[in-house]
Amino acid sequence: MNEARALRAGSLVALLAVLAGACGGPQIPEVGTDGMEPAVREAIRGARDALAADRGNAAAWGRFGMVLHAHRLGAPAGASYTEAARLDGDDHRWPHLHGRLLETAEPARALGLADEALRQNPRFAPALALRARVLEALGDDDAEAAWEALQDLAPESVEAPLALGRRRLLRGDLAGARTAFEGVVERLPSSTAGWSFLAQVSRRLGDPEGAAQATVRARTAARSASLGSTADLDPLLIAVEDLRADSRGREARARRAAASGDHDSAEAIYRRLVNERPGSADLRYNHGNALARLGRTEEAEAAYRAALSRAPDSSAAMANLANLLARGGRDQEADDLYRRSITADPSHVPTLLGASSLHFQRGNLRQAERFLRDALASAPDHPGALQGLGQLLATAGRLGEASATLSRALGAARDAGAAPGQVAGIHFLLADVERQRGRTAQARTHLAQAEALGMNVPPAFRALLEPGR
Amino acid sequence: MTSASGVEFTHRTGRDDADRAAYFMPEIMGSGVALFDRDADGDLDLYLVQGEGADRFFENRGPGIRFVEIARVPGTGAYGMGVAAGDADGDGDLDLFRTGYGPDALLLNTGESGLVAAEDAGWDDSWSASAAFCDYDADGNLDLFVTRYMDYDPDFSCFAATGEQDYCNPTDVPGLPDLLYRNTGDGRFVEVGRESGIAALPARGLGVVCHDFTGDGKLDFYVANDTEANHLWVNQGDGAFTDEALLLGAALSGFGRPEAGMGIEIGDLSGDGVLDILLTHFADETNTVYLAEPGIGFVDGTIDLGLGTLGLATTGFGVALGDFDLDGFLDAVIANGRVARPPGESPRAPFFEQYAETALILRGGDRFEDAGAASPELTAMAAVGRGLAAGDLDGDGDPDLVLTAAEGPAGIFENVSNHAGNWLLVATRLPGGAPDHGATVRLLTSGGTRVARANPGVSYLSSGDPRAHFAIPAGAAIAGLTVRWSDGSAEAFPAPAPNRVVVVLRGAGTIHE
């Protein structure tokens, strides 16, 4: 386009904008809300009222678009994003969300919107990921460069190495693909896709053991993943989902409440959801978890049993119910459940940890160790399993092995971003092991680190490490 | 051409029945169709499964596509879903296995008197979907694989994102293990899911195909699972199966995502002489192609074949691959229909219109292209498309189609394409006279080698033409024919002349017209 034509086109856009402003801007999209859940109706009405009060406000249009988007009302959401972008051409959020809305239905338009978002914010990784996905779906050769750009921009991305690994696999670069997929599962151990591709590439590289192990991990990950998305987390899309007012939206809020430790709120939301969707095993299970956290043991047990009546092979529900029973001293019932769970999924780490703990407490160290080693066979860097094994070895007097295992646990916990309390606990165990080995200096160092992480070390233990003891 | 064909059948969901729970999920899943030569007169008869009520059986009384209703087959107590054809009792004629929400049933072909439900053999009474007959243990008796969809309770309600009630999202309901019945040869089928390993992985199974996917001479089963990883049950030869779909690259899409698998077809889409897999999926997902690469496994060829964006807007179920215009490239037809209302739409009458979509017609070539404009009658049929079976109904050498729809009429579509080449239909028969399901036929021509399945058990809830269909480009001569029988043995036959149906008998080495 030459300059004169560009100027004329620009003038036309401006004129339209002025005319739109003079006429009070475009009409707010009408959305029929009859039949919708009252909470959804209310959410839409609220966003619409806010917009009606400030129709020249890009953010109000954007928020209205997000509320509609959250409830899968795509067409009016798209129109709202368009108006938000027209009012504020510097905000990358609106073209990006509009692009996400159109990603599969109209990939060519989504690509243009991703490019628009990137013009406004070149360092916005989710828009770059969107661009790469759409290019790939369109069979465009630029996809590879887009994935590489994403990897450079967001080294923590799981989606980029997954895509690059796939492309290497297709080219027959098996070693390169394997490296990429190993990076994926290292960053996201619950990546079904990462383990699945790792299984394929291991098989093709003549490593049947690695392939079998990766297959087990892929299956385990698939069972625990609620959705099969391979996309990196997109904070804007999460913000959209936060606006969902329907029952599923509330479920997501319950999950967040539980994750942040607000178990009262989580329990209240799950209780309501269970009544609304009595057939859902997942809801019963999550309700059970909230109740267990609140110490409402009998109700938690009932909730887990209700989950198992709907999903009899749920290892997660069996493990948590068994843990609950074990805490209540019902060892035999707990043991039976752990065994059932292991039959359903021999690589279910929480079950193996729970079973190990039960046997450890009963003094059956050999069986407890076997369970822990099974857990480590499927999750070699599981901090909890390594910590448990270290503790068990220390109890058995195998101090050298205990020290090595706990040191590994410490590294694994740090890598996994474990809570300071857990890291402090491992330091404390190491301090005790080193003390027993007569390595007082090392013991003191670990003790200091445990205290630095907020642990209250018993004075009697500290006294054991004082000079002269 | 439904009325002219003599077939008047409307699927009845029973949605308005007083005692029916609202949004009873089986009603949106539709039901299937079988094309099978019940009376062994050389043409394909038609069996249509009814949701609520009696199934319908029509006999082919050509010339042309002309059917006459022979019987209404009373319901077996189940809400009807799928149908598979095969010689279950080894008497040389074709029987049917009918699946449903409720007790499944074996309908034995009794010759003159039609189809009669066999005595209750303790068939499954949960929710089963597609079924496929094949002799996986190579003992000469057809065994049976039955997919099971989910452990569904009609009192369980589901809601869209707006909070309005709608049919359940499959992820709301747990899946079930599929079933494998071994035919003992004395009229009994024994369920061996647990012993074989198949029961170990419950999932929401819909489509199933029996074929030797690993090329080791043993028949395997590939299962399309809804919103979960697909299964490829690889036959270990000792009665055991292991799922190798993840290892071989046929479990997840090329992007590593589980998809909503519905229907399955197999055909040589890459022209390398090996059968590939085409799976139909939910809207926003591709209809995915897994290209078979011997020694490697499967590679997602969806984008390379032009399916990266075609069909993304619709939800695919039944699927047929065939060279409909005899130009040497496999074309595809996909029956589409939504499983949920468009977002934001409240229910309105007529209720099922909100779930209706049109079929997708794809012309084959280096890449698939939308060829809907060439079939206006088929693309005008907006319906909740579900079952789809392809077969040469009028004996003119090209595949015709039967499409079923939830709460809609079945459509019979005559293929009126201009023939760009010649054709050959190959019926593979076992010594007893029954079709050998699972055989693969290879046709050698001066224009190259083509391979096709002789296997009716494809698509969704349906059973199609069991004969291998070949298009032979104009000017190409047939040089020979080889059959890989379902027991793993291979046999060569003399070159047949084109434009006819030929019958090859295992072990005979001769061809009959």
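Since this is a predicted model, take the numbers as computed values, not measurements.

(A) Fine view of the overall build of chain A. Along chain A, the regular secondary structure elements total 26 helices and 0 strands. A total of 469 residues make up chain A; the buried ones form 48% of that total. The long-range share in chain A, meaning contacts at least 24 apart out of those at least 6 apart in sequence, stands at 49%. Looking at chain A as shown, the accessible area adds up to about 22000 Å², and 52% of this sits on carbon and sulfur atoms.

(B) Structural detail: the overall build of chain B. The number of helices and strands found in chain B is 4 helices and 37 strands. In terms of principal-axis extent, the alpha carbons of chain B reach across some 65 × 50 × 50 Å. Buried positions account for 61% of the 513 residues belonging to chain B. Contacts in chain B between residues at least 24 apart in sequence constitute 55% of all its contacts with a sequence separation of at least 6. Counting every atom, chain B has about 16600 Å² of accessible surface; 49% of that belongs to carbon and sulfur. Side-chain charges of chain B comprise 30 positive and 80 negative groups, with the mean position of each set lying 2 Å from the other.

(C) Structural context of the confidence of the model for chain A. On average, residues of chain A carry a pLDDT of 89, and 93% of them reach 70 or more. Taken together, the stretch residues 1-23 of chain A has pLDDT below 50 and engages in 4 contacts with residues farther than four places along the chain or on a different chain.

(D) Examining the sheet that holds strand β21 (residues 288-293) of chain B more closely. Residue and element names in this part refer to chain B. Sheet architecture is open: 4 strands sit in the order β19-β20-β21-β22, paired in antiparallel fashion. Both edges of this open sheet fall to β19 (264-267) and β22 (297-300), since each of them pairs with a single strand only. Averaged over all pairs of adjacent strands, the angle between strand axes in this sheet comes to 25°, irrespective of strand direction. Pairing of β21 with β22, which is carried by 4 bridges, proceeds in the antiparallel orientation. Residue pairing for β22: Leu291 is matched across the bridge by Val299.

(E) How the structure looks around the layout of surface pockets. All names here are of chain B. Of the volumes computed, that of the second largest pocket is approximately 680 Å³. Residue assignment for the lining of the second largest pocket shows that the elements contributing at least two residues are β19, β23 (316-322), β27 (385-391), β32 (448-454) and β33 (468-473). The dominant element in the lining of the second largest pocket, judged by the number of residues it contributes, is β32, at 6 residues. Its residues assigned to classes, the lining of the second largest pocket comprises 17 nonpolar, 12 polar and 8 charged.

(F) Spotlight on helix α16 (residues 281-293) of chain A. All names here are of chain A. For α16, built from 13 residues, the straight-helix expectation of 18 Å at 1.5 Å per residue is met to within 8% by its first-to-last C-alpha distance of 18 Å. For α16, the set of buried residues is Ala281, Leu283, Arg284, Tyr285, Asn286, His287, Gly288, Ala290 and Leu291. Contacts made by the buried residues of α16 are with α14 (247-259), α15 (263-276), α17 (297-310) and α18 (315-327). Between the side-chain oxygen of the N-cap and the backbone nitrogen of Asp282 there are 3.5 Å, and the N-cap of α16 in question is Ser280. Looking one or two places after α16, you find Gly295, whose phi comes out positive at around 80°.

(G) View of the pairing of strand β31 (residues 439-445) of chain B. Residue and element names in this part refer to chain B. In terms of residue burial, β31 counts as a mostly covered element, since 5 of its 7 residues are buried. In this structure, the hairpin formed by β31 and β32 is closed by a connection of 2 residues. With 6 bridges joining them, β31 and strand β34 (residues 478-484) adopt antiparallel strand pairing. In the strand pairing of β34, Thr445 is matched with Ile478.

(H) Summary view of the side chain of B:Thr440. With respect to the helices and strands, the residue B:Thr440 is situated in strand β31. The residues contacting B:Thr440, other than those within four sequence positions of it, are B:His211, B:Leu275, B:Val451, B:Ala452, B:Thr482, B:Val483 and B:Arg484.

(I) Focus on the environment of B:Phe213. All names here are of chain B. Tracing the backbone through its elements, the reader meets Phe213 in the loop between β15 (205-211) and β16 (220-225). A sequence separation of 79 residues divides Phe213 from Ala292, and the C-alpha atoms of the two residues are 8.1 Å apart. Look past the residues within four positions of Phe213 in its chain and what remains in contact with it is Asp220, Tyr222, Leu232, Ile266, Ile277 and Phe298.

(J) Examining the interface of chain B and chain A more closely. With 35 residues of chain B in contact, the opposing surface of chain A contributes 43 residues. Counting the surface lost from both chain B and chain A, the interface buries some 3100 Å², and carbon and sulfur atoms represent 59% of this. At the boundary of chain B with chain A, the tally comes to 2 salt bridges. A:Arg248 is the partner of B:Asp172 in a salt bridge, and the nearest nitrogen-oxygen pair spans 2.2 Å. At the boundary of chain B with chain A, the tally comes to 7 residue pairs in polar contact (both at pLDDT 80 or more). The biggest single contributor to the side of chain B that touches chain A is helix α3 (residues 245-248) of chain B, with 3 residues. Of the residues assigned to the side of chain B that touches chain A, the class counts are 18 nonpolar, 12 polar and 5 charged.

(K) Local environment of the nonpolar core. Residues and elements named next belong to chain A. Ranked by size, the top nonpolar core spans 50 residues in total, and within it Ile44, Trp147 and Leu150 carry the most contacts. The element that contributes the greatest number of residues to this core is helix α7 (residues 125-137), accounting for 8 residues. Setting aside residues no more than four positions away along its own chain, Leu150 makes contact with Ala125, Leu128, Ala129, Ser157, Ala160 and Asp232. Counting residues in hydrophobic clusters, the runner-up holds 46 residues, among them Leu358, Leu372, Leu406 and Leu410.

(L) How the structure looks around the sheet that holds β27(B). All names here are of chain B. Strand order in the open sheet made by the 3 strands is β27-β28-β29, with antiparallel pairing throughout. Each edge of the open sheet carries a strand with a single partner, namely β27 and β29 (411-413). The sheet shows a mean angle of 15° between the axes of neighbouring strands, taken without regard to direction. With 3 bridges connecting them, strand β28 (residues 400-405) and β29 associate as antiparallel partners. Paired with Val402 across the strands is Ile412, a residue of β29.

(M) Highlighting the environment of A:Arg131. All names here are of chain A. Note on placement: Arg131 falls in helix α7. Classification of Arg131 as partly exposed rests on a relative accessible area of 22%. Taking the C-alpha atoms as reference, Arg131 lies 9.9 Å from Ala117; in sequence the two are 14 residues apart. Once you skip the residues sitting within four places of it in the chain, Arg131 turns out to touch Leu111, Ala114, Asp115, Leu118 and Ala146.

(N) View of unusual backbone geometry. Residues and elements named next belong to chain B. Of note, the bond from Gly62 into Pro63 is cis; its omega dihedral lies within 30 degrees of zero at 20°. Among the structural elements, Pro63 can be located in the loop between β3 (55-60) and β4 (67-73). Of note, the bond from Ala349 into Pro350 is cis; its omega dihedral lies within 30 degrees of zero at -10°. Within the fold, Pro350 resides in the loop between β24 (331-336) and β25 (360-363). In this model, Ala138 sits at a positive phi of 50°, which is unusual for a non-glycine residue. Among the structural elements, Ala138 can be located in the loop between β9 (128-134) and β10 (143-148). The residue Ser459 is not glycine, and still its phi comes out positive at about 70°.

(O) Region of interest: the packing of aromatic side chains. All names here are of chain B. For the coordinates displayed, the defined rule picks out 31 aromatic pairs over all chains. Here the aromatic residues Phe24, Tyr79, Tyr101, Trp127, Tyr149 and Tyr152 are joined through ring pairs into a cluster of three or more. Arg15 extends its terminal NZ or CZ atom over the ring of Phe351, reaching a point 3.4 Å from the ring centre. In this structure, Arg386 packs its charged tip against the face of Phe317, placed 3.9 Å from the ring centre.

(P) View of the packing of helix α3 (residues 58-70) of chain A against helix α13 (residues 235-242) of chain A. Residues and elements named next belong to chain A. One can describe the packing of α3 onto α13 by two numbers: an axis separation of 8 Å at closest approach and a directional angle of 75°. Of the possible angle classes, the one that applies to α3 and α13 is roughly perpendicular. Listed contacts from α13 to Met66, His69 and Ala70 of α3 are Leu236, Leu237, Ala239 and Val240. Of the residues that constitute the contact of α3 with α13, the class distribution is 6 nonpolar, 1 polar and no charged.

Procedures and definitions
Residues numbered from 1 in each chain as written. Chains lettered and ligands numbered in written order. Predicted model: local features only at pLDDT ≥ 70, side-chain atom pairs only at ≥ 80, totals over all residues. Heavy atoms only, no water. Helix = DSSP H or I, 4+ residues; strand = E, 2+ residues; numbered from the N terminus. Buried < 20%, exposed > 50% of the residue type's maximum accessible area, 1.4 Å probe, protein only. Contact = heavy atoms within 4.5 Å. Areas by Shrake-Rupley, 256 points an atom, 1.4 Å probe, with all protein chains shown as cover. Lys, Arg positive; Asp, Glu negative; His and termini not counted. Charge placed at Lys NZ, Arg CZ, Asp CG, Glu CD. pLDDT = per-residue confidence, 0-100. Pairing = 2+ DSSP bridges. Axes fitted to C-alpha atoms, helices over the stretch in contact; angles between N-to-C directions. 1 Å grid on protein atoms, 1.4 Å probe; cavity = no way out; pocket = protein on both sides within 12 Å on 5 of 7 lines; lining within 4 Å. Points joined across faces, edges and corners; volume = space filled by probe spheres on them. Nonpolar A, V, L, I, M, F, W, Y, C, P; charged D, E, K, R; others polar. Expected span 1.5 Å × (residues − 1). Polar contact = N/O pair within 3.5 Å; in protein donor to acceptor, adjacent residues only side chain to side chain. Buried area = accessible area lost by both parts, 1.4 Å probe. Salt bridge = Lys/Arg side-chain N within 4 Å of Asp/Glu carboxyl O. Core = buried A, V, L, I, M, F, W, Y, C linked by side-chain atoms within 4.5 Å. Phe/Tyr/Trp six-rings, centres within 6.5 Å; stacked < 30°, edge-to-face > 60°. Lys NZ or Arg CZ within 6 Å of the ring centre and 35° of its normal. Parallel < 35°, antiparallel > 145°, perpendicular 65-115°, else oblique.

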